[in-house]
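# Structural features, examined
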Amino acid sequence: MKVFAHLSDIHLDGGDRADARTAAVFDYLRELAVEAVFVTGDVADHGLPEEYRRAAELLKHSAPVLTCPGNHDVREAFREVLLGEPAGAGPVNVATDVNGVLVAMCDSTIPGKGAGHLEDATLAWLDEVLSAHDGPAFVAFHHPPVEIGIPLVDAIRQTGEDRLAEVLRRHPDVLALLCGHVHTGAATTFADVPVRIAPGVVSGSLLPVEPGAGRGWDEGGPLDFDRPPSLLLHVLHDDGRLTTHQRVVPFSG
């Protein structure tokens with residue numbers, strides 16, 4: 001079997017809190033023999049070059065660490081500092097073959113906006129890389145293409161999802177869509193494909209039925225900053241099944 005780690009929303013902001021939580025997650029991960037580590041967006045909190053320089057120091061593992069941008073990220077600095085490419089304003093899309101498994105890290109951001117949308121160029125690129133690969137694949141991006149039951153997040157989810165569904169129907173080898181943005185671990189489906197949403201490293205989010213969920217952003221809700229960081233471990237079995245485990249990382253900060 002192959003095991004892939006998946007985390008999201010580390011929101012490095014130059015402060016000690018996000019640094020310490022991210023460091024704790026990678027200290028935990030360095031004890032694991034995983035095929036790759038996926039970080040599905042909001043690497044930086046303000047999209048500043050110094051935040052990405054800190055990310056480059058913290059996001060280290062013997063396995064590949066693959067990233068895509070979230071709505072807090074800025075494409076130019078993300079591309080230049082994290083990927084070592086010339087700064088550019090176009091979508092940041094990267095495909096990597098990890099021991100026979102294609103990982104397509106897609107850019108679902110709309111610069112300057114909280115919501116997400118896959119540009120036509122990104123969907124064309126995704127269709128092309130999936131067509132060129134013979135075998136299982138993960139498709140990752142920041143914004144889930146479906147509502148997940150947290151109203152403030154659902155209001156800024158990925159839209160235009162019917163176009164994504166058309167691409168997915170042509171590629172039955174896609175194992176799952178991997179997302180972030182929600183700050184809670186969740187599982188659902190889209191276009192008959194499993195969707196796995198990684199919990200937030202920097203904080204958790206609350207369903208409307210949970211205490212504190214009715215507060216607005218300026219009152220500290222619906223985010224829970226007391227939860228320890230956590231992540232997902234995706235197990236690809238030899239028979240092609242995918243099993244996902246959630247792990248809480250011991251953290252005393």
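Everything that follows concerns the structure shown earlier in this document.
Because the structure is a prediction, the values reported are computed rather than measured.

### Observations regarding the packing of aromatic side chains
Overall, the coordinates contain four aromatic pairs when judged by the stated rule. Between phenylalanine 4 and phenylalanine 38, the ring centres sit 5.7 Å apart and the planes meet at 15°, which makes this aromatic pair stacked. Of this pair, phenylalanine 4 sits in strand 1 (residues 2-7) while phenylalanine 38 sits in strand 2 (residues 36-40), and the two are 34 residues apart along the sequence. Pair check on accessibility: phenylalanine 4 and phenylalanine 38 agree, each one buried. Seen from their ring centres, phenylalanine 4 and phenylalanine 138 are 5.2 Å apart, and the 70° between their planes marks the pair as edge-to-face. Here phenylalanine 4 is found in strand 1, whereas its partner phenylalanine 138 is found in strand 7 (residues 137-140), with 134 residues between them in sequence. The class of phenylalanine 138 is buried, set by a relative accessible area of 0%.

### A word on unusual backbone geometry
Phi at aspartate 9 is positive, roughly 55°, even though this residue is not glycine. Here aspartate 9 shows up in the loop between strand 1 and helix 1 (16-29).

### Looking at the pairing of strand 4 (residues 94-98)
Pairing of strand 4 with strand 5 (residues 101-105), which is carried by five bridges, proceeds in the antiparallel orientation. Note that in strand 5 the partner of valine 98 across the bridge is valine 101. Linking strand 4 to strand 5, which pair antiparallel, is a turn of two residues; within it asparagine 99 sits at a positive phi near 50°.

### Points about the nonpolar core
Counting residues in hydrophobic clusters, the biggest one holds 29 residues, and the most contacted among them are Leu7, Leu29, Val37 and Val43. Broken down by secondary-structure element, the contributors of at least two residues to this core are strand 1, helix 1, strand 2, helix 2 (49-58), helix 3 (75-82) and strand 14 (230-236). When residues in this core are grouped by element, the largest group, five residues, is from helix 1. Listed in part, the 27 residues of the second largest apolar core include Leu118, Leu164, Leu168 and Leu177.

### A closer look at the environment of valine 201
With respect to the helices, strands and loops of the structure, valine 201 is situated in the loop between strand 11 (193-197) and strand 12 (204-205). Excluding anything up to four places from it in sequence, valine 201 contacts Leu7, Ser8, Asp9, Ile10, Arg21, Thr22, Val25, Pro229 and Ser230.

### Some points on the pattern of salt bridges
As enumerated under the stated definition, the model contains 13 salt bridges in all. For aspartate 107, the salt bridge goes to arginine 75, with nearest N and O atoms at 2.9 Å. Separated by 32 residues along the polypeptide, aspartate 107 in the loop between strand 5 and strand 6 (116-117) and arginine 75 in helix 3 bring together distant segments of the chain. Considered together, aspartate 107 and arginine 75 belong to a single accessibility category, that of buried residues. Glutamate 161 serves as the salt-bridge partner of arginine 157, at 3.2 Å between the closest nitrogen and oxygen. One exposure class covers both arginine 157 and glutamate 161, and it is buried. By sharing partners, the salt bridges in this structure join Asp19, Arg54 and Glu57 into a single network.

### Describing the sheet that holds strand 3 (residues 65-68)
One open sheet accounts for five strands, arranged 3-2-1-14-15; its pairing is mixed. Two strands lie at the open edges of the sheet, namely strand 3 and strand 15 (242-248), each paired on one side alone. Averaged over all neighbouring strand pairs, the angle between strand axes comes to 25°, with direction disregarded. Contacting strand 1, strand 2, strand 3, strand 14 and strand 15, helix 1 crosses the sheet at an angle of about 175° to strand 1.

Thresholds, definitions, all that
Residues numbered from 1 in each chain as written. Predicted model: local features only at pLDDT ≥ 70, side-chain atom pairs only at ≥ 80, totals over all residues. Heavy atoms only, no water. Phe/Tyr/Trp six-rings, centres within 6.5 Å; stacked < 30°, edge-to-face > 60°. Helix = DSSP H or I, 4+ residues; strand = E, 2+ residues; numbered from the N terminus. Buried < 20%, exposed > 50% of the residue type's maximum accessible area, 1.4 Å probe, protein only. Pairing = 2+ DSSP bridges. Core = buried A, V, L, I, M, F, W, Y, C linked by side-chain atoms within 4.5 Å. Contact = heavy atoms within 4.5 Å. Salt bridge = Lys/Arg side-chain N within 4 Å of Asp/Glu carboxyl O. Axes fitted to C-alpha atoms, helices over the stretch in contact; angles between N-to-C directions.

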